[in-house]
Amino acid sequence: MSFIWFLIIGGIIGWLAGLIVGRDIPGGIIGNIIAGIVGAWIGGALLGEWGPQISSFYFLPALIGAIVLVFIVSLIMKSMRKAS
């Protein structure tokens, strides 16, 4: 059951990051889940473990990490579209 919560919270964090940045992650819900999980890893590595904890995510560092990830991915996707 905790794995399902892990995926749900990862998806919500990825979705919120996409809303804040104003750009969608490619891949729909799977992309949001991946962005949330990778963002949580980035945020935890760079910012540490602080703020409210939901499931196994520290929400604020995970959200900040996901925002950074969504922004970087959107820049890469934009540059790839211009090149082709």
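Source: prediction; values computed, not measured. Position numbers for residues start from 1 in each chain and track the written sequence from start to end. Local features are withheld for residues below a pLDDT of 70 in this predicted model, meaning they are given only at 70 or higher, and side-chain atom pairs are given and counted only at 80 or more; totals for whole chains, interfaces and linings count all residues. Only hydrogens and water are removed before side-chain values are computed, so all heavy atoms of the structure are retained for them.

J.: I'm lost on the overall build of the chain in this one. Help?
T.: Looking only at helices and strands, one finds three helices and two strands in the chain. Strands here mean DSSP runs of E at least two residues long; helices mean DSSP runs of H or I at least four residues long; both are numbered from the N terminus. The helix and strand sequence of the chain, counted from the amino end, reads α-α-β-β-α. The C-alpha radius of gyration of the chain comes to 13 Å, within 12% of the 12 Å expected for a compact globule of 84 residues. Seen through its principal axes, the chain has C-alpha atoms that stretch 40 × 25 × 15 Å. For each residue, the accessible area found with a 1.4 Å probe, counting protein chains only, is set against the maximum for its type, and the residue is called buried under 20%, exposed over 50%, and partly exposed in between. Per-residue burial for the chain yields a buried fraction of 31% across its 84 residues. The contact criterion used throughout is that any non-hydrogen atoms of two residues lie within 4.5 Å. Within the chain, contacts between residues at least 6 apart in sequence are counted, and of these 56% link residues at least 24 apart. It is over C-alpha atoms that the radius of gyration is taken, and the globule rule equals 2.2 Å times the number of residues to the power 0.38.

J.: Explain helix α2 (residues 28-47) to me, please; I cannot follow it from the model alone.
T.: Each α-helix winds once per 3.6 residues, and so residues spaced three or four apart point in a common direction. A helix is expected to span 1.5 Å for every residue after the first. Under the 1.5 Å per step criterion, the end-to-end length of α2 is 27 Å for 20 residues, consistent within 8% with the ideal 28 Å. Listed in full, the buried residues belonging to α2 are Gly31, Asn32, Ile33, Ala35, Gly36, Gly39, Ala40 and Gly43. Residues of α2 that are buried in the fold lie against α1 (2-21), β2 (57-58) and α3 (59-83). One or two steps after α2, the chain reaches Gly48, where phi turns positive at roughly 90°.

J.: Sorry if this is basic, but what is going on with the UniProt feature "transmembrane region" (unreviewed entry) in the chain here?
T.: UniProt positions are given in the numbering used here, feature names are shortened, and annotations may be inferred rather than shown by experiment. Following the UniProt record, the feature "transmembrane region" (unreviewed entry) maps to residues 6-22, 29-51 and 57-77 here. For the annotated span residues 6-22, helix accounts for 94% and strand for 0% of the residues, and the straight-line distance between the end C-alpha atoms is 24 Å.

J.: Would you mind going over the packing of α1 against α3 with me for this structure?
T.: Two measures define how a pair of helices packs: the angle their axes make with one another and the distance between the axes. Contact geometry of α1 with α3 gives a least axis separation of 8 Å together with a crossing angle of 55°. Taken together, α1 and α3 sit at an angle that is classed as oblique. In the crossing of α1 with α3, the sense of the turn from one axis to the other is right-handed. Residue-level inspection shows Ile13, Leu16, Ala17, Gly18, Ile20 and Val21 of α1 in contact with α3, the latter providing Phe59, Ala62, Leu63, Ala66, Ile67, Val70 and Phe71. Tallied by class, residues from the contact of α1 with α3 come to 12 nonpolar, one polar and no charged. Here, axes are lines fitted to C-alpha atoms. For helices the fit covers the stretch in contact, and angles between N-to-C directions go from 0 to 180 degrees. Here is the rule for angles: anything less than 35 degrees is roughly parallel, anything more than 145 is roughly antiparallel, 65 through 115 is roughly perpendicular, and the remaining ranges are oblique. Helix crossings fall into two classes, left-handed where the near helix is turned counterclockwise from the far one by less than a right angle and right-handed where it is turned clockwise. Classification convention: Asp, Glu, Lys, Arg as charged; Ala, Val, Leu, Ile, Met, Phe, Trp, Tyr, Cys, Pro as nonpolar; all other residues, Gly among them, as polar.

J.: Would you mind showing me how to read the nonpolar core here?
T.: By convention a nonpolar core is built from buried Ala, Val, Leu, Ile, Met, Phe, Trp, Tyr and Cys residues, the set being connected through side-chain atoms within 4.5 Å. With 13 residues, the main nonpolar core has Ile13, Ala17, Ala35, Phe57, Ala62, Leu63 and Val70 as its most contacted residues. Contacts of Ile13, omitting those with residues within four sequence positions, involve Gly36, Phe57, Phe59, Ala62, Leu63 and Ala66.

J.: Got a minute to help me understand α3 in this structure?
T.: Here α3 is 25 residues long and its end C-alpha atoms lie 36 Å apart, about the 36 Å a rise of 1.5 Å per residue gives. Among the residues of α3, Phe59, Pro61, Ala62, Leu63, Gly65, Ala66, Leu69, Val70 and Ser74 are the ones counted as buried. Where α3 is buried, its residues contact α1, α2, β1 (53-54) and β2.

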